[in-house]
Amino acid sequence: MKRYDLDTLITNFKNKDKIALARLITLIENEPERAHEVFKHFENTKNESYILGITGSPGVGKSTLTGAITQKLLDQGKSVGIICVDPTSPFSGGAFLGDRVRMTNISLHPKIFMRSLASRGYKGGISRAVFDISLLYEAYGMDVIIIETVGVGQAEFDIYNLAYTVVVVLVPGYGDAIQMQKAGIIEIGDVYDVNKKDLGGEDIAVQIEMMLDDAIFQTGWRPPVSMTDAINGEGIEELIQNIWDHKEHLELSEELTQKKINRFRYKIKELVSSKIERLVTESFMNDQEISEIVEHAIRDGKFKIYETIHNKFEEIYFEIKKKE
Ligand SMILES: Nc1nc2c(ncn2[C@@H]2O[C@H](COP(=O)(O)OP(=O)(O)OP(=O)(O)O)[C@@H](O)[C@H]2O)c(=O)[nH]1
Ligand SMILES: [Mg+2]
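Reading the values: the criteria
- One numbering rule holds for all chains: residues counted from 1, following each sequence as written.
- Following the order in which they are written, the chains are lettered starting with A and the ligands numbered starting with 1.
- Per-residue local features are limited, in this predicted model, to residues with pLDDT of at least 70; the limit for side-chain atom pairs, both in listing and counting, is 80 or more; totals at the level of whole chains, interfaces and linings are taken over all residues.
- For helices, the fitted axis covers only the stretch in contact; all axes are lines through C-alpha atoms, and the angles between them, taken along N-to-C directions, range from 0 to 180 degrees.
- To qualify as a helix, a DSSP run of H or I must reach at least 4 residues; to qualify as a strand, a run of E must reach at least 2; elements of each kind are numbered from the N terminus.
- For any pair of crossing helices, the crossing counts as left-handed if the nearer helix is rotated counterclockwise from the farther one by less than a right angle, and right-handed if it is rotated clockwise.
- Any residue pair is listed as a contact if its two C-beta atoms, each placed from the backbone, are within 7 Å.
- Strand pairing is defined by DSSP finding a minimum of two bridges between the two strands.
- For the purposes of this analysis, a nonpolar core is taken to be any set of buried Ala, Val, Leu, Ile, Met, Phe, Trp, Tyr and Cys residues that are connected through C-beta atoms within 7 Å.
- Our exposure labels follow a C-beta count within 10 Å of each residue's own C-beta, placed from the backbone: buried means 20 or more other C-beta atoms, exposed means 12 or fewer, and partly exposed covers the counts in between.

1. Looking at the packing of helix α11 (residues 287-300) against helix α12 (residues 305-323)
Thinking step 1. For the pair α11 and α12, interaxial distance at closest approach is 9 Å and the crossing angle is 145 degrees. For the pair α11 and α12, the sense of crossing is right-handed. Facing α11, whose interface residues are Ile-293, His-296 and Ala-297, α12 presents Ile-305, Thr-308 and Lys-312.

2. Considerations on the sheet that holds strand β2 (residues 80-85)
Thinking step 1. Read across the sheet, seven strands follow the order β3-β2-β4-β1-β5-β6-β7 without closing on themselves; strand pairing throughout is parallel. For this open sheet the edge positions go to β3 (112-117) and β7 (225-227), each flanked by a neighbour on one side alone. In this sheet, adjacent strand axes meet at a mean angle of 20 degrees when their direction is disregarded.
Thinking step 2. Strands β1 (50-56), β2, β3, β4 (144-150) and β5 (165-170) of the sheet are contacted by helix α4 (residues 62-75), whose axis makes an angle of about 175 degrees with β4.
Thinking step 3. The strands touched by helix α5 (residues 126-140) are β1, β2, β3 and β4; relative to β2, the strand with the most contacts, the crossing angle is about 170 degrees.

3. A closer look at the nonpolar core
Thinking step 1. Grouped together as the largest cluster of nonpolar side chains are 60 residues, with contacts concentrated most on Leu-24, Leu-52, Val-130, Leu-136 and Ile-147.
Thinking step 2. Among the elements that take part in this core, α5 stands out by supplying nine residues, more than any other.

As structure tokens, then:
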């Protein structure tokens, strides 16, 4: 992309053009190394988005809930940026509450933007892509960012480090309390929701409540449990209220500042490491050089491999020092 094009894109983006937003996301996904070129244009942007994570097993209704929550937020005049990480089912989710905004029409609404990410195929990794898109949404001026992701504690993407409030969604028939504890579910949620309450779910709600009663919460926040029917919009207001209550708790206890710091803290090492890795593979150790090291090892004896690597490292270190 030419410089001139990027400038135009940024201007349009600042004028709230959703096509420009879409193009910038694609640009950063494909060329993560150009992120600084993009983000330097937003240095004076003051917007702070509230970041919400919605997680739970495949098919529990995360997207349908996201739709229902988004509709309520739109009713309150808020704008919403959605990121779906590795969805197993397409974000169709039927209709938004009241049928006013169909999910299929989501791209037409001026105050919503949605991006779906498959877990593979991002040059900088999925976690990097989610982080960058959240920053772009924030620069765009979104009031709320919703990140939907399957499961908890995935190595490749940890929603806990990015979202300020994590909603864990469960459904009737999920299993017993032990299973939930094993899955690490009870540690991660700030808010719990038992969705598909039209299919039952009283007993699972009771089990979660009992488990939460036994747990100790150092921060003084005891996660609330709501029950929803996301298709008919039942219980959504209570769920949203629980989310805002948690937000208020974070604000009053200064934990929100800590979470905002954490969002960047856990990224910094990763971003620097990936830059160094690129430097190494591009400048110091391409496939050709690896082949040479292997040849040496085979010729001079395999036990020499560590000596060779040690020497290679010294050489790289020396080269880098020279660059300083
Ligand atoms: N009965 C009932 N079905 C629901 C409810 N909420 C969602 N569903 C249905 O459950 C199915 C899965 O819903 P999704 O919203 O796609 O679930 P998801 O958790 O986003 O799924 P993945 O992104 O694939 O993990 C769909 O057929 C929904 O219509 C509910 O409250 N009650
Ligand atoms: Mg989904």
